[in-house]
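Given next are the chains, with one letter for each unit.
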Amino acid sequence: MSYAIAGLALLAAVTLVNALLTFAVTRRWRAMMAAPAPAAAASGPPALAVREGDHTPAFTLHTPRGEVTGSALAGHPALICFLRPDCGPTRESLPEIRRWAEANTPSGARLVAVVNGRSTEAGPLLEAVGPLTELTASEPPNGPVAEAFGVRHHPTFVLLDADGTVTETGIGQGSLPALNLLTA
């Protein structure tokens with residue numbers, strides 16, 4: 001009989017622990033359901049600090065040929081490319097950048113290439129875009145020009161009209177032809 005009482009006592013203890021754990025889990029679940037949901041990340045492509053219709057933010061680009069400012073680009077359409085040396089989509093976008101340059105720079109459009117990354121790694125990418133434009137520069141990750149445009153992902157493209165107004169933007173591989181940036 002003592003084994004039966006000990007077994008019932010053990011069963012009662014396990015049942016009590018189970019009930020307490022169930023109560024705690026239920027209470028925690030209700031508290032989580034009552035709390036406001038954390039802000040979800042915006043769906044769709046990542047955003048830039050500039051949008052279509054905005055005027056070009058103030059920036060100074062330090063190129064091997066001197067300083068270039070946003071106002072110096074006025075009078076001509078311009079494509080500003082933000083590239084990163086260790087980025088596969090950047091390398092895959094180079095043929096599209098070349099096509100844009102060949103189609104638009106003869107008529108006066110400007111191509112600006114900003115390479116975001118360590119200067120020790122930027123050399124090959126600068127050499128790849130160098131023949132397409134004299135307006136190339138390297139700046140550290142999240143450098144001042146990338147910060148002015150709100151660039152967080154690479155490659156990023158910003159197309160400006162002759163008045164310095166942002167007409168289109170693109171982020172990521174394939175965004176250059178998808179946004180019809182080949183016709184400035």
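Quick notes on the rules
Residues numbered from 1 in each chain as written. Predicted model: local features only at pLDDT ≥ 70, side-chain atom pairs only at ≥ 80, totals over all residues. Heavy atoms only, no water. Helix = DSSP H or I, 4+ residues; strand = E, 2+ residues; numbered from the N terminus. Buried < 20%, exposed > 50% of the residue type's maximum accessible area, 1.4 Å probe, protein only. Expected span 1.5 Å × (residues − 1). Bend = angle between axes of the 7 residues up to and from the residue. Pairing = 2+ DSSP bridges. Axes fitted to C-alpha atoms, helices over the stretch in contact; angles between N-to-C directions. Contact = heavy atoms within 4.5 Å. Phe/Tyr/Trp six-rings, centres within 6.5 Å; stacked < 30°, edge-to-face > 60°. Core = buried A, V, L, I, M, F, W, Y, C linked by side-chain atoms within 4.5 Å. Salt bridge = Lys/Arg side-chain N within 4 Å of Asp/Glu carboxyl O.

A.B. asks: Please set out unusual backbone geometry residue by residue, giving values where relevant.
C.D. replies: Across the junction of H154 and P155, the peptide omega takes the value -10°, indicating a cis bond. Mapping P155 onto the fold places it in the loop between α4 (144-149) and β6 (156-160). A positive phi is found at N142, a non-glycine position, where the angle reads about 55°. Structurally, N142 is set in the loop between β5 (135-139) and α4. According to the relative accessible area criterion, N142 is exposed, its value standing at 51%.

A.B. asks: I'd like a description of helix α2 (residues 88-104), backed by residues and values.
C.D. replies: Along its 17 residues, α2 runs 25 Å from first to last C-alpha, staying within 8% of the 24 Å computed at 1.5 Å per residue. At L94, α2 shows its maximal bend, which comes to roughly 35°, and the proline P95 appears one to four places after that position. By the burial criterion, the buried members of α2 are T90, S93, L94, E96, I97, W100, A101 and N104.

A.B. asks: Can you explain the sheet that holds strand β3 (residues 78-83)? Please cite residues and give values.
C.D. replies: With mixed pairing, five strands are arranged side by side in an open sheet as β5-β4-β3-β6-β7. Two strands close off the open sheet at either side, each with one partner strand: β5 and β7 (166-171). Going across the sheet, the axis of each strand differs from the next one's by a mean of 15°, ignoring polarity. α2 contacts β3, β4 (110-116) and β6 of the sheet and is inclined by roughly 165° relative to β3.

A.B. asks: Before we move on, could you go through the packing of aromatic side chains and cite the residues and values that matter?
C.D. replies: Enumeration over the complete set of coordinates arrives at two aromatic pairs. Within the aromatic cluster, the residues linked to one another by ring pairs are F59, F82 and F149.

A.B. asks: Lay out the pairing of β6 in plain terms, naming residues and giving numbers.
C.D. replies: Counting buried residues in β6 gives five out of five residues, a clear majority hidden from the surface. Side-chain alternation along β6 places T156, V158 and L160 on one buried face and F157 and L159 on a second face that is also buried. In the sheet, β3 pairs with β6 via five bridges, with the strands oriented antiparallel. Note on β6: the bridge partner recorded for A78 is L160. As paired strands, β6 and β7 are joined by five bridges and run antiparallel to one another. Looking at β7, one finds that V158 is bridged to T169. Counting the residues that bridge the hairpin from β6 to β7 gives five residues, and of these G164 lies at a positive phi of roughly 85°.

A.B. asks: Give me the lowdown on the nonpolar core, citing residues and values where you can.
C.D. replies: L61, L73, I80, F82, F149 and V158 are the most contacted members of the largest nonpolar core, which totals 20 residues. Look past the residues within four positions of I80 in its chain and what remains in contact with it is F59, L73, V112, V114, F149, T156, F157, V158 and L160. Counting residues in each nonpolar core, the second largest holds 17 residues, with L94, I97, L125 and L159 among its members.

A.B. asks: Lay out the pattern of salt bridges in plain terms, naming residues and giving numbers.
C.D. replies: Throughout the structure, instances matching the rule amount to three salt bridges. A salt bridge links E96 to R99; the shortest N-O distance between them is 2.4 Å. Placement of both E96 and R99 in helix α2 is noted, with a separation of three residues, approximately one turn of the helix. For E96, a relative accessible area of 17% puts it in the buried group. Given the relative accessible area of 42%, R99 is considered partly exposed.

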